[in-house]
Amino acid sequence: MVSKMHHLFYLQTTDGSHDLGLMVSKFITFHLHPHHYPCSAISQYPKFSCLAPAPLFSTAKITKTKTTQNQIYHSFPRRWAILTPKASSGEAAKFDRFESDATLINDDLKPTTPCQRNYHWWGMAGHWIGLVIGVPAYYLAGSLVDLGMAWWQGIATVVAANLILIVPLVLTGYPGTKYGIPFPVLARSSFGIRGAHFPTLLSALVGCGWFGIESWIGGEAISLLLPKSIKQSSFAQFLPWLGTSPLQFACFMTFWVAQLAILWKGMNGIRDLEKYAAPILMVLTSILLIWAYVKAGGLGHMLSLSSRLSSSEFWSLFFPSLTANISFWAPVALNIPDFTRFARSQTDQIIGQAGLPIFMGAFTFVGLAATSSTKVIFGHLITNPIELLGEIGGFTTMILAIFGLSLATIMTNTAANVIAPANALVNLSPSKFTFRRGALLTALIGIAFQPWRLLKSSESFVYTWLVGYSALLGPIGGIVLADYYLIRRMKLSIKDLYSLSPYGAYYYSGGFNLAAVTALIVGILPVVPGFLQKVGILTSVSDAFVVIYNNAWFFSFFSAGLIYWILSSLRGKQNKPLPFDPLLPPAT
C-alpha cells in the first residue's frame with residue numbers, strides 16, 4: 001500500500017510574528033507494509049522484542065531535496081520552531097513521525113511499542129518475589145529484633161511500611177504504563193528537560209550504593225567456601241585503613257567481577273533466568289523455614305520473644321524503623337516506570353505490585369523465625385544469614401546456600417540496582433552512554449561506597465544508610481507525583497518530552513524547572529542536621545531536627561510535593577491543558 005503525505009513546515013520568528021514565514025511543501029512517499037515493520041529491540045530487554053510498526057521516533061535530520069530550499073532554511077536563526085508535520089489521511093497519521101532531539105533519545109529511552117508491552121501481572125509479581133527474597137530483606141527483619149522489638153512488632157512494622165509504600169509505587173508506575181516511558185523521561189515533565197538530571201542522578205547514586213552492598217554480600221558467600229588455612233592466614237587480618245581484611249575485599253571483588261561478566265554479556269541470560277528465579281527462591285526459603293522449625297523444636301521460642309523496649313522506647317524506635325522500611329524499596333518505587341512501561345495494562349501493573357506487602361510480610365516471618373531459632377540452636381542471635389550459614393556448615397548446605405544467595409543477589413542487583421542508574425546515565429548523554437557503559441560505571445561507584453562499613457552494624461544499616469538516603473528520594477517522589485496528578489492532570493505531551501525547543505511544555509527556564517529545584521532543596525535541607533548528627537559530624541542538634549530525620553521520607557515527600565504544587569499553581573502557566581498525544585495507544 002502506498003500513501004503520500006503532504007508535509008507543511010511553518011517557520012515562525014521568536015517574537016511570534018509571521019512576516020518572514022516560509023511555506024515549503026513536498027511530497028514524501030511511504031511504503032506501508034503493516035506486517036513487516038520490526039520493532040527496534042531494546043538492548044536490556046530482549047524478551048520484549050517482536051514485530052510491530054516502524055519506529056515512531058526519528059533522530060535523523062530531514063533531507064532537503066532542493067538546493068534553494070536548503071539555502072533558505074539554513075538562513076534563518078536556529079531558535080525558530082518547526083511544527084510537526086500533518087498527515088493527509090487518518091491511516092498515515094498512525095505512522096506520523098517527529099524530529100526528537102538526538103541528545104534526548106536512544107533505544108533505551110524511547111516509549112515502548114504496543115508489542116513490547118507484554119508484562120502480565122504474574123510476571124510483575126514474580127519480579128517482586130525475586131527482589132524480596134534476598135539477604136538485605138532478611139537482614140532488615142533480623143535487625144528489628146536485634147534492636148529490641150518483639151517478633152510480631154517487627155512483622156507489623158514491615159507490613160505497615162509496605163502498605164504505605166504501595167500507594168506511591170502504583171501511582172508512579174501509572175504513567176509508565178500509560179505512555180511507555182522510563183523514569184528519566186517522566187522526570188522531564190516536572191524538573192525540565194535538563195533539570196531531570198538532578199533526580200535521576202540522585203536516584204542513580206543510591207542504586208550504586210545498593211549495588212556495592214549486594215556485591216559485598218555475594219563476596220561474603222564466596223568466603224564460606226575458602227579453607228580454614230586461608231581464613232586463618234595473615235591475609236585475613238583486619239586492616240583499619242581499609243575497614244576490612246584483604247581476604248574479604250578480594251572475595252568482594254571476585255563477586256563484583258563475576259557480575260560484570262554477566263552484565264557485559266548482556267541481559268539475555270538474566271531475563272531468561274528471571275522466569276525461574278522466583279520459584280527457586282521460594283523453595284529455598286521454605287527449606288530455611290523447615291530447618292529452623294526442626295532444629296529449634298518448633299516456633300515456640302520465636303512466638304515467646306517479647307519486646308525489650310518500654311512503650312516510649314518502642315515508639316521512638318518505630319517511626320525511624322518505619323521510615324527505614326519504606327526507604328528499603330524507595331529506589332525501586334521511584335524508578336518503577338522502568339518496569340511498568342512493559343506492562344500489558346494498568347490492571348496488570350497494579351495487581352502485580354499489590355502483593356508486595358504480602359511478600360515482604362511472609363519473608364520477614366521466615367527471617368525472624370530463622371533469626372530467633374539461632375538463640376535456641378547456637379545460644380546467641382545471628383541476624384546475618386551469611387554468618388548463619390557459616391555456623392550450619394556442611395558441604396551440600398554450603399553449595400545450595402551459595403547458589404541461592406548468588407541467584408538472589410544477581411537478580412536484585414540486575415533488576416533493582418543496575419537498570420535505574422544505567423538509564424539515568426543514558427539520559428545524561430544518550431549519544432555517549434549505552435546500558436552496558438552505564439552498568440559498568442554503576443559497578444565502579446558501588447566500590448567507592450565501601451559497603452562493608454554500611455553493614456558493620458544494624459544501626460548503621462538501618463538508621464544511617466536507609467533513613468539517610470530517604471531524604472534524597474522522598475522529595476523527588478513527592479514532586480513527580482504532584483506534577484503528574486495535580487498539575488498535569490495525568491496528561492503529558494510525549495513530543496515535548498523529547499524536544500529541546502524553547503517553546504516546549506517542559507523547557508521552562510533553559511531546560512530547568514526552578515519550582516521543582518527549589519522544592520527539592522527545601523525538602524532535603526531540614527533533614528541534613530539530623531543526618532550530620534547521626535554520622536558523628538555534629539555532636540548535638542535540636543530535638544526538632546532529630547524528629548525530622550527519624551521521619552525523613554515522610555517529611556521530605558510531603559513538604560517537597562506541597563511546595564512544588566504551591567509554586568506551580570502560583571505560576572499558573574503549567575495549568576494550561578496539554579494535548580493528549582501519546583504516539584502509541586496507551587495501555588488501559
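On a predicted model such as this, the values are computed, not experimentally measured, just so you know.

Analysis parameters
- Residues numbered from 1 in each chain as written.
- Predicted model: local features only at pLDDT ≥ 70, side-chain atom pairs only at ≥ 80, totals over all residues.
- Heavy atoms only, no water.
- Helix = DSSP H or I, 4+ residues; strand = E, 2+ residues; numbered from the N terminus.
- Buried < 20%, exposed > 50% of the residue type's maximum accessible area, 1.4 Å probe, protein only.
- Contact = heavy atoms within 4.5 Å.
- Phe/Tyr/Trp six-rings, centres within 6.5 Å; stacked < 30°, edge-to-face > 60°.
- Expected span 1.5 Å × (residues − 1).
- Axes fitted to C-alpha atoms, helices over the stretch in contact; angles between N-to-C directions.
- Parallel < 35°, antiparallel > 145°, perpendicular 65-115°, else oblique.
- Left-handed = near helix turned anticlockwise from the far one by under 90°.
- 1 Å grid on protein atoms, 1.4 Å probe; cavity = no way out; pocket = protein on both sides within 12 Å on 5 of 7 lines; lining within 4 Å.
- Points joined across faces, edges and corners; volume = space filled by probe spheres on them.
- Nonpolar A, V, L, I, M, F, W, Y, C, P; charged D, E, K, R; others polar.
- Polar contact = N/O pair within 3.5 Å; in protein donor to acceptor, adjacent residues only side chain to side chain.
- pLDDT = per-residue confidence, 0-100.
- Patch = residues over 30% accessible without salt bridge, like charges linked within 9 Å, V, L, I, M, F, W, Y side chains within 5 Å.
- Areas by Shrake-Rupley, 256 points an atom, 1.4 Å probe, with all protein chains shown as cover.
- Salt bridge = Lys/Arg side-chain N within 4 Å of Asp/Glu carboxyl O.

Peer 1: Can you lay out the overall build of the chain for me, pointing to particular residues and giving the numbers?
Peer 2: Per the secondary structure count, the chain includes 26 helices and five strands. Taken across its 588 residues, the chain has 55% of its residues classed as buried. Here the analysis covers contacts within the chain between residues at least 6 apart in sequence; of these, 83% occur between residues at least 24 apart.

Peer 1: Quick one: what's the story with unusual backbone geometry, residue by residue and with numbers?
Peer 2: A positive phi angle, near 50°, is found at Q450, a position not held by glycine. By secondary structure assignment, the location of Q450 is in the loop between α19 (435–448) and α20 (451–454). Taking the relative accessible area as the measure of exposure, Q450 reaches 29% and is therefore partly exposed. Positive phi, normally seen in glycine, also occurs at M490, with a value near 65°.

Peer 1: Explain the packing of aromatic side chains residue by residue, including any values.
Peer 2: Here a ring pair, both rings aromatic, is described through the centre-centre distance and the interplanar angle of the planes. Taken as a whole, this structure holds 23 aromatic pairs when the rule is applied. Centroid distance W121 to W122: 5.8 Å. Interplanar angle 80°. Geometry classified as edge-to-face. W121 gets classed as partly exposed once you look at its relative accessible area, which sits at 39%. Note on F328 and W329: the rings are 4.9 Å apart at their centroids and 80° apart in plane angle, and the pair reads as edge-to-face. Each member of the pair, F328 together with W329, is buried. Members of the aromatic cluster, connected to one another through ring pairs, are W128, W210, F328, W329, F449, W465 and Y469.

Peer 1: Just give me the short version of the side chain of T364, but keep the residues and values in it.
Peer 2: Structurally, T364 can be placed in helix α15 (residues 356–377). Contact partners of T364, with chain neighbours within four places excluded, come to A141, G154, I155 and V158.

Peer 1: Describe helix α4 (residues 135–146), naming the residues involved and giving the relevant values.
Peer 2: For α4, spanning 12 residues, the distance from its first C-alpha to its last is 16 Å, which sits close to the expected 16 Å at 1.5 Å a residue. Across the 12 residues of α4, 11 count as buried, placing the element largely inside the fold. Along α4, the positions that sit buried rather than exposed are V135, P136, A137, Y138, Y139, L140, A141, G142, S143, L144 and V145. Looking at the residues trailing α4, positive phi occurs at G148, about 120°.

Peer 1: Go over the packing of helix α16 (residues 385–392) against helix α17 (residues 395–415), please, and point to the residues and values.
Peer 2: When two helices pack together, their arrangement is given by the angle between the helix axes and the distance between those axes. Interaxial distance between α16 and α17 falls to 10 Å at its minimum, and their mutual angle equals 165°. If you check the angle between α16 and α17, you find them roughly antiparallel. Pair α16 / α17 crosses with left-handed handedness. On the side of α16, the interface is formed by I386, L389, G390 and I392, while α17 contributes T397, M398, A401 and L405.

Peer 1: Hey, could you go over empty space enclosed by the protein for me, with residue numbers and the actual values?
Peer 2: Tallied over the entire structure, the rule returns eight cavities of 30 Å³ or more. Along the walls of the largest cavity sit 14 residues, with W210, E214, F328, W329 and T412 positioned nearest its centre. Broken down by element, the lining of the largest cavity gets its largest block of residues, four residues, from helix α12 (residues 311–334). Residues that form the lining of the largest cavity fall into these classes: 10 nonpolar, three polar and one charged.

Peer 1: Kindly report on the environment of Y508, identifying the contributing residues and their values.
Peer 2: On the secondary structure map, Y508 appears in the loop between α22 (494–497) and α23 (514–524). You can call Y508 buried: its relative accessible area is 14%. Separated by 319 residues in the primary sequence, Y508 and S189 place their C-alpha atoms 9.9 Å from one another. Within the structure, the side chain of Y508 is placed 2.5 Å from the backbone oxygen of S189, a separation counted as a polar contact.

Peer 1: Describe in detail the confidence of the model for the chain, supporting the description with residues and values.
Peer 2: Overall, the prediction assigns the chain a mean pLDDT of 78, with 78% of residues at 70 or greater. Mean pLDDT values for the elements of the chain range from 33 in strand β4 (residues 81–82) up to 97 in α23. Across residues 1–98, where pLDDT falls below 50, the model places 177 contacts with residues more than four positions away in sequence or in other chains. Counted against residues more than four places away or in other chains, residues 582–587, with its pLDDT under 50, gives 25 contacts.

Peer 1: Outline a nonpolar patch on the surface, listing residues and values.
Peer 2: Together, L486, L562, W565, I566, L567 and L570 line one region of the surface with nonpolar side chains, adding up to about 560 Å² of accessible area. The greatest single-element share of the nonpolar patch, amounting to five residues, is contributed by helix α26 (residues 552–571). As for its position among the elements, L570 is in helix α26.

Peer 1: So what about the packing of α4 against α12? Which residues, and what values?
Peer 2: Relative orientation of the contacting elements α4 and α12 amounts to 175°, with a least axis distance of 12 Å. Here α4 is positioned roughly antiparallel relative to α12, judged by the angle of their axes. The residues of α12 that touch α4, namely those facing P136, A137, L140 and L144, are S321, N325 and F328. Among the residues making up the contact of α4 with α12, the classes are represented as five nonpolar, two polar and no charged.

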